[in-house]
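What follows is each chain in one-letter form.
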Amino acid sequence: MTSPLMGEFLGTAVLIVFGNGVVASCLLKKSKAEGAGWVAITAGWAFAVIMGVFTANALGSVQADLNPAVTLAKAIGGVYTSSQAIGTIVAEIAGAFVGACIVWLFFMDHWSATEDKGLKLACFSTGPAIRNATNNLISEIIGTFMLVFVIFCIFSKAVGGVAAGFGPYLVGVLVWAIGLSLGATTGYAINPARDLGPRLAHAFLPVAGKGDSDWSYAWIPVIGPFIGGALAAFAAIMLGLL
C-alpha cells in the first residue's frame, strides 16, 4: 500500500534511523565508531537524506519533503492545500518518532554504558554549542533558509530540470554542505520533525540513565526552521522560482 502520507511517514523514519544512528554510533560508549567526529556525522546525515527521499518516493510521496519546514514552504508556494500540508507534517513527525524508537532499540546495550546524559539526548535531538536563544534561533532560521531556498534552485526550471533519480543526491550534498558549514552552532536541526519526533521519543522511552529532554530549548529547532522555510518560500516566489 502506497500513498503520499505513507511515503512521508516511512521516508522520515528511514531518515532518522540513519541520521540519529550515525550520531549514536559516534557518541555512545563502547561503539566501534565512538569518536569518529563531525565529518562522519554530517556525512551520515547527508546519506540519510538520500535514503529517506528514495524510500518516500517508492512508497507514494512524489514530493518527499521529510521536513515540515519544506512542506510549509511548498504550501506557501501553492503546492499543497492547508489540509494536505497539515497531514503531511503530522506524518513526518510520527515517522521521526518511530525512527528514533528504532535507534533506541538498536543501541540498547550502549545507553547504560554511556554515563553522559547530554550525549544520550544528542542521539535523539539537537542542542546548542553555546546556549543563546536569539543566536540559536538565527542559526536555525539561516540554516533552514539555505536548505529550502537552494532546494527550490536545484529543481527550478532555470537550471533545466534534474534528471530522474538524481535529485536526492543533490539534496544530500546540500544537507552535507549545511552540516559542515552551518551546523556547528546548534547541530542543524533545520527540520522540526527531525528534532521534535525524536525528542518526544527520548521523553517517553525508557532510555537507561537518561536526563531531561531539554524542553526549554525545544521550541528553537521547531520555530526556527518554520521561519526559515517560510522566508525561503517568499524569496523563491519573488525571484520566480515558484
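Residues numbered from 1 in each chain as written. Predicted model: local features only at pLDDT ≥ 70, side-chain atom pairs only at ≥ 80, totals over all residues. Heavy atoms only, no water.

- Under an unreviewed UniProt entry, the name given to the chain is Glycerol uptake facilitator protein, and the source organism is Anaerospora hongkongensis.
- Taken directly from UniProt, the Sequence similarities (unreviewed entry) text for the chain runs: "Belongs to the MIP/aquaporin (TC 1.A.8) family."
- Its UniProt record gives the chain the following Subcellular location (unreviewed entry) comment, quoted word for word: "Membrane". (UniProt positions renumbered as here; feature names shortened; annotations may be inferred.)

Comments concerning the nonpolar core
- By size, the foremost hydrophobic cluster in this structure holds 45 residues, and its most contacted members are Leu 15, Trp 45, Trp 111, Cys 123, Phe 124 and Leu 147.
- Elements supplying a minimum of two residues to this core: helix H1 (4-27), helix H2 (38-58), helix H3 (68-76), helix H4 (82-106), helix H7 (133-154), helix H8 (167-182), helix H9 (192-204) and helix H11 (220-238).
- Every residue in contact with Leu 147, bar those within four places of it in the chain, is listed here: Asn 67, Val 70, Leu 174, Val 175, Ile 178 and Ile 190. (Core = buried A, V, L, I, M, F, W, Y, C linked by side-chain atoms within 4.5 Å. Buried < 20%, exposed > 50% of the residue type's maximum accessible area, 1.4 Å probe, protein only. Helix = DSSP H or I, 4+ residues; strand = E, 2+ residues; numbered from the N terminus. Contact = heavy atoms within 4.5 Å.)

Details of H8
- Between its first and last C-alpha atoms H8 spans 22 Å; for 16 residues at 1.5 Å apiece the expected length is 22 Å, and the two agree.
- Looking at H8, one finds that the buried residues are Gly 167, Pro 168, Val 171, Gly 172, Leu 174, Val 175, Ile 178 and Gly 179. For H8, the arc enclosing every buried residue in end-on projection is 160°, short of the 170-degree limit, so these residues lie on one face. Turned more than 90 degrees away from the buried face of H8, the exposed residues are Val 173 and Ser 181.
- The elements touched by buried residues of H8 are H2 and H7. (Expected span 1.5 Å × (residues − 1). Arc of directions from axis to C-beta.)

Side note on the UniProt feature "transmembrane region" (unreviewed entry) in the chain
- Using the residue numbers shown here, the UniProt feature "transmembrane region" (unreviewed entry) corresponds to residues 6-28, 35-56, 85-107, 141-163, 169-190 and 217-241.
- Within residues 35-56, the helical portion is 86% and the strand portion 0%, while the C-alpha atoms at the span's ends are 31 Å from each other.
- The straight-line gap between the two end C-alpha atoms of residues 217-241 is 33 Å; of that span, 84% is helix and 0% is strand.

Examining the packing of H9 against H11
- In the contact formed by H9 and H11, the axes pass within 8 Å of each other and the chain directions differ by 160°. Classified by the interaxial angle, the pair formed by H9 and H11 is roughly antiparallel. Crossing of H9 over H11 shows left-handed handedness. Listed contacts from H11 to Pro 192, Asp 195, Leu 196 and Arg 199 of H9 are Pro 221, Val 222, Pro 225 and Phe 226.
- Per-class residue counts for the contact of H9 with H11 are 6 nonpolar, no polar and 2 charged. (Axes fitted to C-alpha atoms, helices over the stretch in contact; angles between N-to-C directions. Parallel < 35°, antiparallel > 145°, perpendicular 65-115°, else oblique. Left-handed = near helix turned anticlockwise from the far one by under 90°. Nonpolar A, V, L, I, M, F, W, Y, C, P; charged D, E, K, R; others polar.)

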